[in-house]
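A look at the structure
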Amino acid sequence: MGIATNDSLKGGPESTRLKDALKGAKSAIIFAVPLNQDLINPYLSKEDFSLNEDKIRKTTFAGGISLEIAGFLDQMDYGAIPIAPNFVYRKDTPNGIRDRKPIISHKYLAARAGVGFFGHSGHILTKDNGSAIVLSSVVTNAELIATDPIKKSDNYCDGCKLCKAVCIPDYISDEKTKVNIGGFDFEYQNPKSHWRCILVCGGATGLHPSRKYSTWSPGRFEIPKKDKDFEKLREKAMPSYVKRTLKDPSFYHPGVPNHKMQYTCSTCQLVCNPDKKVRKERYLLFKNSGVIIEDEMGNRKKVSPDYANSFIENIENDRKKLYID
C-alpha cells in the first residue's frame, strides 16, 4: 500500500485530482490485493475457470477494504470516500460512462505512491505478484504523509511484450504515454480503442485471428483490425452475447445490456510475472490452450480448433448466430 497527497500528485493527469472525488481532499490511500497465483496457469491453459471467480471476489474484497478504511476515518471525524476498484466512471464526459474514464485513477496513484510500477501493458506491476492484482483506494481530507515511487532500477519490466503477444484483440500498442506526477516521470503504452478490451475481456468474442486458440469466450465474431470498426462489432456481438446462457459466477457492469459479465480474458494481466521463465511458460500455455465451445446450458470446454469448427458448423442456425456472424 502507499499514500498520495495533493502535493505528490501535483501536475498529474485529470484523474489524479483528488478533489473530484471529495471536496477538500488532501490525501489518498492506495493498495493492491493479489489474485491467487495458483489459479493462473489452469486458467490460461483453459483447464479451470476458477480464476474468474477469484478475480470477482478479490475485486469485491478490495472494495470492502476501501469501505472499511473510509468508515474508520469517518469515525475519526475525517471526510473520506472509498473508490471502488472498477466499473465507476465519470459522467461529465462527452459519452458519459461509455468513455470509461475513472474519476480517480488507481494506477496513477499506485505508481506515484510506490505500490508498484507501470509495465508495458499499462498495468501496475508488483514485485511479488506481477500485475495479477486488484487496486483500490480511499480519498480523504486527512493530512497523511506521501510515500515515494519505486526506484526505476526495481522495475522488472524488460519490454518482453509478452503482454502484447497474448492480447487477442490487439489492445496494447507500441506507442507510449508519458506523464509527470509530482515531479516523477512515468511511461506506459498508449492503449487503442477500449472496445477492443471490453468486447473480448467481457466475453462477447475471443477467437484469435489464427483461429487456433481463444479466450474463455465461446464467441467467434471476427476481431477488426481498425479501431473505427469496433462499433460495428459491438452492435453485432453484444445482442448475441446477452442471449447466451451465462452461468454464475458473474459480476455486474453498468454499461452492458443485462449488466452481467464474466472475466473471460485478462491474459495481459495474468501472463506478467517477475520471473521471465514464468512469463514464457504462461504465454505458451495460453497459445497452446485450444478453443472454447459452449453447450445449450452454458457449459464450456476446450477443444481442438478443428473440433470447434465442426461443432459450430453442425449446431442449428439460431444458436450459431449467438457465436458467429
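So, here is what we can say about the structure in this document. Since this is a predicted model, take the numbers as computed values, not measurements. Numbering of residues starts from 1 in every chain and runs along the sequence as written. Only residues with pLDDT of at least 70 are given local features in this predicted model, and only at 80 or more are side-chain atom pairs given and counted; all residues enter the totals for whole chains, interfaces and linings. As a convention, hydrogens and water are excluded, and side-chain values are obtained from all of the structure's heavy atoms.

1. As for the overall build of the protein
- Helix and strand labels come from DSSP, where a helix needs a run of H or I of at least four residues and a strand needs a run of E of at least two; each type is numbered from the N terminus. Summing up its helical and strand segments, the protein has 10 helices and 12 strands in all.
- It is over C-alpha atoms that the radius of gyration is taken, and the globule rule equals 2.2 Å times the number of residues to the power 0.38. A compact globule built from 325 residues would reach a C-alpha radius of gyration of about 20 Å, and the protein, at 20 Å, matches this within 12%.
- Taking the principal axes of the C-alpha coordinates as reference, the protein spans close to 65 × 40 × 35 Å.
- For each residue, the accessible area found with a 1.4 Å probe, counting protein chains only, is set against the maximum for its type, and the residue is called buried under 20%, exposed over 50%, and partly exposed in between. Within the protein, the fraction of its 325 residues that count as buried is 50%.
- Contact between two residues is taken to exist if any of their heavy atoms lie within 4.5 Å; hydrogens are not considered. Long-range pairs, those at least 24 residues apart, make up 67% of the contacts in the protein with a sequence separation of at least 6.
- Reported accessibility uses the Shrake-Rupley method at a 1.4 Å probe radius. Residues are deemed covered only where the shown protein chains occlude them. Accessible surface, the protein as shown: approximately 15,900 Å² in total, 52% of it carbon and sulfur.
- Within the protein, the 39 negative side-chain charges are centred at a point lying 4 Å from the centre of the 50 positive side-chain charges. Neither His nor the chain ends is counted toward charge; the positive residues are Lys and Arg and the negative residues Asp and Glu. In this description, the location of a charge corresponds to atom NZ of lysine, CZ of arginine, CG of aspartate or CD of glutamate.

2. Brief notes about empty space enclosed by the protein
- Both site types are read off a 1 Å grid over the protein atoms alone. A 1.4 Å probe that fits but cannot get out defines a cavity, while an open set with protein on both sides within 12 Å along at least five of seven lines defines a pocket; lining residues have an atom within 4 Å of a point. Grid points are joined across faces, edges and corners, and a volume is the space filled by probe spheres set on the points. Summed over the entire model, instances satisfying the criterion amount to 3 cavities of 30 Å³ or more.
- Approximately 110 Å³ is the volume attributed to the largest cavity.
- Lining of the largest cavity is provided by 15 residues; of these, His120, Cys157, Cys160, Cys163 and Cys272 occupy positions nearest its centre.
- Secondary structure elements with two or more residues in the lining of the largest cavity: helix H4 (162-165) and helix H7 (267-271).
- The classification used treats Ala, Val, Leu, Ile, Met, Phe, Trp, Tyr, Cys and Pro as nonpolar, Asp, Glu, Lys and Arg as charged, and all other residues, Gly among them, as polar. In terms of residue class, the lining of the largest cavity is made up of 9 nonpolar, 4 polar and 2 charged.

3. Brief notes about the pattern of salt bridges
- Any carboxyl oxygen of Asp or Glu within 4 Å of a side-chain nitrogen of Lys or Arg constitutes a salt bridge here. On inspection of all chains with the given rule, the structure shows 20 salt bridges.
- Between Asp158 and Arg279 there is a salt bridge; the shortest N-O distance is 3.1 Å. Here Asp158, found in the loop between strand E6 (133-140) and H4, pairs with Arg279, found in helix H8 (residues 276-287); they are 121 residues apart in sequence, far enough to count as distant.
- For Arg279, a relative accessible area of 4% gives the class buried.
- Beyond isolated ion pairs, a larger network of salt bridges with shared partners links Glu14, Arg17, Asp20, Arg90 and Asp92.

4. A closer look at the packing of helix H5 (residues 194-201) against helix H6 (residues 230-241)
- Relative to each other, H5 and H6 sit at 20°, their axes nearing to 10 Å. Considered as vectors, H5 and H6 are oriented roughly parallel to each other. When the axes of H5 and H6 are compared, the crossing they make is left-handed. Along its contact with H5, which presents Trp195, Arg196 and Leu199, the element H6 presents Phe230, Glu231, Leu233, Arg234 and Met238. All axes are obtained by fitting lines to C-alpha atoms, using only the stretch in contact for helices, and the reported angles, taken between N-to-C directions, cover 0 to 180 degrees. Comment on the angle field: the value is read as roughly parallel under 35 degrees, roughly antiparallel over 145, roughly perpendicular from 65 to 115, and oblique elsewhere. The sense of a crossing depends on the near helix, which, turned anticlockwise from the far helix by less than a right angle, makes the crossing left-handed and, turned clockwise, makes it right-handed.

5. Concerning the sheet that holds strand E2 (residues 27-34)
- Ordered by their spatial adjacency, 4 strands build an open sheet running E1-E2-E6-E3, and the pairing between neighbours is antiparallel. Single-partner strands in this sheet number two, and they are strand E1 (2-5) and strand E3 (80-83). Across the sheet, the axes of successive neighbouring strands diverge by a mean angle of 20°, strand direction being ignored.
- Between any two strands, pairing holds if DSSP finds at least two bridges. Pairing analysis gives 4 bridges linking E1 to E2, with the strands arranged antiparallel. Pairing of Ile3 across the sheet is with Ile29, part of E2.
- The sheet strands contacting helix H2 (residues 50-75) are E2, E3 and E6, and the helix crosses E6 at an angle near 20°.
- Taken strand by strand, helix H3 (residues 106-113) contacts E1, E2, E3 and E6, and its axis lies near 85° from that of E6.

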